[in-house]
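Spelled out, the chains give:
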Amino acid sequence: MALEFLMWELMLLEERVRVQERRIERRVLRDTQDPFDLPREEFVFMFRISHELAFDVINAIRPLLQGQRSSGLSPEVQFLVTVYFYAQGSYQRGLGGNSILNISQPSVSRSISSVTNAINQRLLRQWVKFPMTAVERQKGREKFEAAPQPFEGTLGAIDCTHINILAPIVHEEAYVNHHGNHSLNVQAIVDPDLKILNINARYPGARNDSYIWSVSAVRQGMEYHFNNGERRTWLIGDAGYPLEPWLMTPLPHYPEGTRQFEYTKKLCKARNVVERFFGVFKSVWRCLSYQRVLMYAPDKAGRIVNACATLHNMRIHYKLTNREEDLDVELIGQNMDANLEIPYYIDQQGGPRAVAKRIQRQILDQFDNLRDGEDD
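The structure displayed is predicted, hence computed values, not measured ones.

## Describing the nonpolar core
Logical step 1: Within the largest apolar cluster, 100 residues are counted, with the highest numbers of intra-cluster contacts made by F79, Y86, W285, L288 and L294.
Logical step 2: In terms of residue count, helix 11 (residues 259-284) provides more of this core than any other element does, 10 residues in total.
Logical step 3: Dropping the residues within four chain positions of it, L294 is found in contact with F85, I163, N164, I165, L166, C287, L288, A301 and I304.

## Considering the confidence of the model for the protein chain
Logical step 1: With 79% of its residues at a pLDDT of at least 70, the protein chain reaches an overall mean of 86.
Logical step 2: Across residues 24-32, where pLDDT falls below 50, the model places 9 contacts with residues more than four positions away in sequence or in other chains.
Logical step 3: Contacts of residues 93-97 to residues separated by more than four positions or lying in other chains number 10 contacts, the stretch itself having pLDDT below 50.

## Brief notes about the side chain of T154
Logical step 1: Within the secondary structure, T154 is located in strand 1 (residues 154-164).
Logical step 2: Of the polar contacts made by the side chain of T154, one reaches the backbone oxygen of F151; its length is 2.9 Å.
Logical step 3: Not counting the four nearest positions on each side in its chain, T154 is found in contact with G140, R141, F144, W234 and I236.

## Quick look at the packing of helix 4 (residues 75-88) against helix 12 (residues 298-317)
Logical step 1: As a packed pair, helix 4 and helix 12 sit with axes 11 Å apart at the nearest point and diverge in direction by 90 degrees. In terms of axis orientation, helix 4 runs roughly perpendicular to helix 12. Where helix 4 abuts helix 12, its residues V83, F85 and Y86 lie against I304, A307, C308 and L311.

## Remarks on unusual backbone geometry
Logical step 1: One non-glycine residue, R48, lies in positive phi territory at about 70 degrees.
Logical step 2: Looking at where R48 falls in the secondary structure, it is placed in the loop between helix 2 (40-47) and helix 3 (51-65).
Logical step 3: What makes R48 buried here is its relative accessible area of 4%.
Logical step 4: Although it is not a glycine, L194 adopts a positive phi angle of roughly 70 degrees.
Logical step 5: Its relative accessible area of 8% is what places L194 among the buried residues.

Parameters and conventions
- Residues numbered from 1 in each chain as written.
- Predicted model: local features only at pLDDT ≥ 70, side-chain atom pairs only at ≥ 80, totals over all residues.
- Heavy atoms only, no water.
- Core = buried A, V, L, I, M, F, W, Y, C linked by side-chain atoms within 4.5 Å.
- Buried < 20%, exposed > 50% of the residue type's maximum accessible area, 1.4 Å probe, protein only.
- Helix = DSSP H or I, 4+ residues; strand = E, 2+ residues; numbered from the N terminus.
- Contact = heavy atoms within 4.5 Å.
- pLDDT = per-residue confidence, 0-100.
- Polar contact = N/O pair within 3.5 Å; in protein donor to acceptor, adjacent residues only side chain to side chain.
- Axes fitted to C-alpha atoms, helices over the stretch in contact; angles between N-to-C directions.
- Parallel < 35°, antiparallel > 145°, perpendicular 65-115°, else oblique.

Structure below.
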């Protein structure tokens, strides 16, 4: 009996030695295949960010990553594992077997959680900011006026897109969108440079665009500025949004040659930047692609969207261009998730919609060489 026990102890000891040797071998492999040694072009292709951008993000979130249980992974490795997942859309099991980032699947999972939370906590509000001061808003209007497809008075273009997620356990039915998939309906506001001014990834896929807008902090801010005397400042959206003094929308179904037709054509050309943004956003960060499913609960999936939005704006700041081979050209310029459900209005005399109609009429007046179409 004692001999059997001794042999059992010896077997356990040998197994512990083998496990430790495998851990050492894996760490040596990580050390000898340092991703930061990759050439710039290959590094950007793999991670969608530059070395400089990576180090700046790592240094900003390092205090939140150090000491966390990720099998002893450094903040550098934790960050690169996470951004590789964002960029390539690889599921965690495949990512754990990557030859450059050779770490276990549980470590991948912990790294994604830690880094995503850290970016949301430390960098999101710094890099994704809606213009609120008079100076910022003036610069925003000037940027749209100088854009290739200008629309005077515009701060940003707004729309929503669906990000597919794992069917949640709680209120599963609320996340089923009009395509029949489980998703988040993500609202974004962008400028002509495709810079994100606001991202809202909190609402389930069954919520339509106009509802998300109606309860958003940005709408409250736009209304606040309007009520405090700011005029000729608005966002531009599609027919799924309500016409408001601070939100201009198309006038569909008017014949060519009318002022309403030219107004709608001009607005839609300017608003196309948000459609192009969604194509670029999902092509660069392929974990958000329509062909993928974020295998997480809604709140975590929303934080991943926020983290990708933060890195998107940082890419613009660091002047990282999008290579044609990196982009899904079929998505550029068209939002496959467009929901053109016409919102319900209460058009009270003298109410916000009546004021918005007067503002819209003033914009139509610039097409004074064209005839006025009959009202619907």
